[in-house]
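# Structural overview for review
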Amino acid sequence: MDELRAAIAIGKKDLTILSRYRIAVVSQIFTPLYQGVIPAFLFGASFAVGGRVLGLESTVGTDNLAGFIFLGGVISGLVATSFWAMAMGLRNEMDQGTLEPTWLTPTRHETLVIGRAFGGLLWFILSQIVLFAIGIAVFGLRFRPEIVFALPAVIVAIVGMVGVAYILAAIVLLIREANFFIDCTNFLFSTASGAAFPVTLLPGVFVPVAFALPTTYAMDLLRQNAIGARPALDPTLEYVGLLATTAVLYPIGRWAFARAEQTMRRRGTLAQY
Amino acid sequence: MTRLQADLRAFAAAALKELRITRRYPAMYLGMIFWPVLLPAVWVLMAQAYSGGNDARAVAAFAARAGTSEIAGFVFVGFAMYMWLSTILWGPGTALRRDQMQGSLEATFLTPASRLVPLFAPPMAALPNILLTFGVMGIALWLLFGVVPAPDAAIRAVVITLLGLPAMYAIGTLFAAGVLRYGEIGPVVQIVRGTFVLACGITFPVAMLPAWAQFGAALLPPTYIVADIRAVLLRGFGLADVVGDVLITLGLTVVIAFLAVFLFRALETSARRTGMLSRF
């Protein structure tokens, strides 16, 4: 119970700090809109024939362009939360010199990542609600009621992404150029999850990598249920894949984080940056 | 030594200093290979999804709006402009802001060197990086998608790029002036860059915009620069075919440059009065 309270306190602290930077708050909502969603929507619409995106229909089984792009934004946002809020947030504390005092508190160190996950995910949900509202009002965004059936897949993917965040936190605490590393890997992870286009279009060697990520399955299940997209695999197999990758990634993440902590203690790098 | 010679020496020294600083952060060079290849490559794959694997009707619809059916070329030229625009918008402003943060801006402004030195020497030092980025994109376009522009078309594209340089630096200066008044202009630059990306036909054809937005796009030099580079590279246009656009670009450059000079002077005077040069 104490750990839960600590995690909630960490999440609240992150949200309080974020709310102090109002331009950053607005920017975090609108940047994905004008840098990702709108350009992608207009680019996709430029292939439309007679008002229908026939090409997209042929590729994924639906011509719901807005739905395809906005749902890609959901998984992209989840990946970004894991990479920037959960993992890189820990590194930011290191740079600010507050990680060492935090580390000396009796709170378990794994809880630091969980707390950031709470704050990051709450902000992720709020920003997605705003983005969906804009999508519905401006872009004619429509989902099928079956979208609710995809919620379990998204929740499992969130657990998987916390595992990924542990792995990333372990890496960014040990390397110097963490910003570039997170920026690049965030982009690659999001792309390999099929946020921008179906993973079947990836060059052959990258397809197995895509199917090793829980977000790939969550993306596909979400699009199937919400906009009636054609599944890449049998949905049952996709749930098995989602559960299996999450079951593997989470313990690997905890192990990597513990190893990174050991290394930092041995090298005395906790207070360095 | 004449005033001009002294300013030129100061300009060269400031540019060299920037190059030296850039060399100290080698990880940045990885970014110059990673982003120019992967960002447009992802958009080409998005085009595959949207066109149903190059369905003839979808590609024809795109060609009618974009003026070319060479989708990979269209995307890569657009992203080359995106990279250039990012460097230009961040360049002069970031250089001033960094000097402000490090406490050296006030000292620099107390020297008798022209204001053109702190404003333009750092972004000029970024030119080799921009050229490297263009080179990487060209190679990626060739190796990944088999698109190789004809040598004479490439030369025409270089001419348009050179003619567009003053316009781009004028835009950069206009936003750099904001540092003298507001300090942190990062979020504003993000919004401005986003506006350019949306308005100038960088990632999608301008024809997709509503009429009022197309009118706005017609007032921005990057719209003409990117359209002309696409025209000469992908549609076989000659320089004579785009001379009207080039003249409009040069005309807009003069307007933006005058505006930038006026704004910069006004904000510098204000910064001297308020002490903003040494604050951050």
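Residues numbered from 1 in each chain as written. Chains lettered and ligands numbered in written order. Predicted model: local features only at pLDDT ≥ 70, side-chain atom pairs only at ≥ 80, totals over all residues.

### What about the overall build of chain A?
Secondary structure summary: chain A contains eleven helices and zero strands in total. Reading the secondary structure of chain A in the N-to-C direction produces α-α-α-α-α-α-α-α-α-α-α. Its C-alpha radius of gyration of 19 Å places chain A within 12% of the 19 Å reference for a compact globule of 273 residues. The dimensions of chain A, computed from C-alpha atoms along their principal axes, are 65 × 40 × 35 Å. A buried classification covers 47% of the 273 residues belonging to chain A. Taking all contacts inside chain A whose residues are at least 6 apart in sequence as the whole, residues at least 24 apart take part in 80%. (Helix = DSSP H or I, 4+ residues; strand = E, 2+ residues; numbered from the N terminus. Rg over C-alpha atoms; globule rule 2.2 N^0.38 Å. Buried ≥ 20, exposed ≤ 12 C-beta atoms within 10 Å, placed from the backbone. Contact = placed C-beta atoms within 7 Å.)

### So, the overall build of chain B
Looking only at helices and strands, one finds twelve helices and zero strands in chain B. Reading chain B from its N end, one meets helices and strands in the order α-α-α-α-α-α-α-α-α-α-α-α. Dimensions of chain B along its principal axes, counting C-alpha atoms only, are 65 × 40 × 35 Å. With 280 residues in all, chain B has 42% of them scored as buried. For chain B, long-range pairs separated by at least 24 residues make up 79% of all intrachain contacts whose partners lie at least 6 apart in sequence.

### Overview of the confidence of the model for chain A
Of the residues in chain A, 99% have a pLDDT of 70 or more, and the chain-wide mean is 92. Across chain A, the element-wise mean pLDDT spans from 87 in helix 5 (residues 99–103) of chain A up to 97 in helix 10 (residues 214–227) of chain A. (pLDDT = per-residue confidence, 0-100.)

### Concerning the environment of B:L119
All names here are of chain B. With respect to the secondary-structure elements, L119 resides in helix 6 (residues 116–125). Take L119: there are 23 C-beta atoms within 10 Å of it, and that puts it in the buried class. Between the C-alpha atom of L119 and that of V188, which follows or precedes it by 69 residues, the distance is 18 Å. Residue contacts for L119: discarding those within four places in its chain leaves P92, T173 and A176.

### Topic: the interface of chain A and chain B
Each partner contributes residues to the interface: chain A has 32 residues there, and chain B has 30 residues. Counting only elements with at least two residues in the side of chain A that touches chain B, the list comes to helix 2 (22–45), helix 3 (54–60) and helix 8 (178–192) of chain A. The element best represented in the side of chain A that touches chain B is helix 2 of chain A, accounting for 13 residues. Within the side of chain A that touches chain B, the residues separate by chemical class into 22 nonpolar, nine polar and one charged. (Nonpolar A, V, L, I, M, F, W, Y, C, P; charged D, E, K, R; others polar.)

### Focus on the confidence of the model for chain B
Residues and elements named next belong to chain B. Scored by pLDDT, chain B comes out at a mean of 87, with 97% of its residues at no less than 70. At the low end of the mean pLDDT range in chain B sits helix 6, at 77; at the high end sits helix 3 (residues 56–66), at 96. This prediction of the complex comes with two scores: 0.90 for pTM and 0.92 for ipTM.

### Some details on the nonpolar core
A:A87, A:V113, A:A165, A:A169, A:V172 and B:M46 are the most contacted members of the largest nonpolar core, which totals 162 residues. Counting residues per element, this core draws most heavily on helix 4 (residues 65–96) of chain A, at 19 residues. Discounting residues that sit within four places of it in the chain, A:V172 has contacts with A:A87, A:M88, A:L90, A:R91, A:A178, A:F181 and A:I182. (Core = buried A, V, L, I, M, F, W, Y, C linked by C-beta atoms within 7 Å.)

### A look at the packing of helix 2 of chain A against helix 6 (residues 109–138) of chain A
Residues and elements named next belong to chain A. Two elements in contact, helix 2 and helix 6, have axes separated by 10 Å at closest approach and are oriented at 45 degrees. It follows that helix 2 is oblique to helix 6 by the angle criterion. The handedness of the crossing between helix 2 and helix 6 comes out as right-handed. Residues Q28, I29 and L33 of helix 2 pack against S127, V130, L131 and I134 of helix 6. Residue composition of the contact of helix 2 with helix 6, by class: five nonpolar, two polar and no charged. (Axes fitted to C-alpha atoms, helices over the stretch in contact; angles between N-to-C directions. Parallel < 35°, antiparallel > 145°, perpendicular 65-115°, else oblique. Left-handed = near helix turned anticlockwise from the far one by under 90°.)

### Re the packing of helix 6 of chain B against helix 8 (residues 151–182) of chain B
Residue and element names in this part refer to chain B. The interhelical angle for the contact between helix 6 and helix 8, taken along N-to-C directions, is 130 degrees, at an axis separation of 11 Å. Here helix 6 is positioned oblique relative to helix 8, judged by the angle of their axes. At the point where helix 6 passes helix 8, the crossing takes the right-handed sense. Only Y169, G172, T173 and A176 of helix 8 make contact with helix 6, whose side of the interface consists of L119, F120 and P123. When grouped by side-chain class, the residues that make up the contact of helix 6 with helix 8 number five nonpolar, two polar and no charged.

### A few points about the environment of B:L239
Take B:L239: it is sitting in the loop between helix 11 (221–234) and helix 12 (243–274). Considering only alpha carbons, one finds B:L239 and B:D228, eleven residues apart in sequence, at a separation of 8.8 Å.

### Describing helix 3 of chain B
Within helix 3 of chain B, the full set of buried residues consists of B:A58, B:A61, B:F62 and B:A66. For helix 3 of chain B, the angular spread of the buried residues around the axis is 120 degrees, confining them to a single face. Its buried side turned inward, helix 3 of chain B meets helix 3 of chain A together with helix 4 (71–102) of chain B. Following helix 3 of chain B by one or two positions, B:G67 has its phi on the positive side, about 85 degrees. (Arc of directions from axis to C-beta.)

### Notes on unusual backbone geometry
Residue and element names in this part refer to chain B. Positive phi, normally seen in glycine, also occurs at N54, with a value near 65 degrees. Tracing the sequence through the fold places N54 in the loop between helix 2 (27–50) and helix 3. Its 13 C-beta neighbours within 10 Å are what place N54 among the partly exposed residues.

### Points about helix 2 of chain B
Owing to its 3.6 residues per turn, the α-helix aligns residues three or four sequence positions apart on the same side. Helix length check: helix 2 of chain B, at 24 residues, gives a terminal C-alpha distance of 34 Å against a target of 34 Å (1.5 Å per residue), a fit within 8%. Remark: the principal bend of helix 2 of chain B, roughly 25 degrees, maps to B:F34, with a proline, B:P36, within the next four residues. All of the buried residues along helix 2 of chain B are B:W35, B:P36, B:V37, B:P40, B:A41, B:V42, B:W43, B:V44, B:M46, B:A47, B:A49 and B:Y50. Those residues of helix 2 of chain B that are buried are in contact with helix 2, helix 3 and helix 8 of chain A together with helix 4 and helix 7 (127–145) of chain B. Phi for B:G52, located one or two positions after helix 2 of chain B, is positive at around 65 degrees. (Expected span 1.5 Å × (residues − 1). Bend = angle between axes of the 7 residues up to and from the residue.)

### Focus on the environment of A:L151
Its place among the elements puts A:L151 in helix 7 (residues 151–174). Taking the C-beta count within 10 Å as the criterion, A:L151 has 12 such neighbours and is therefore assigned exposed.

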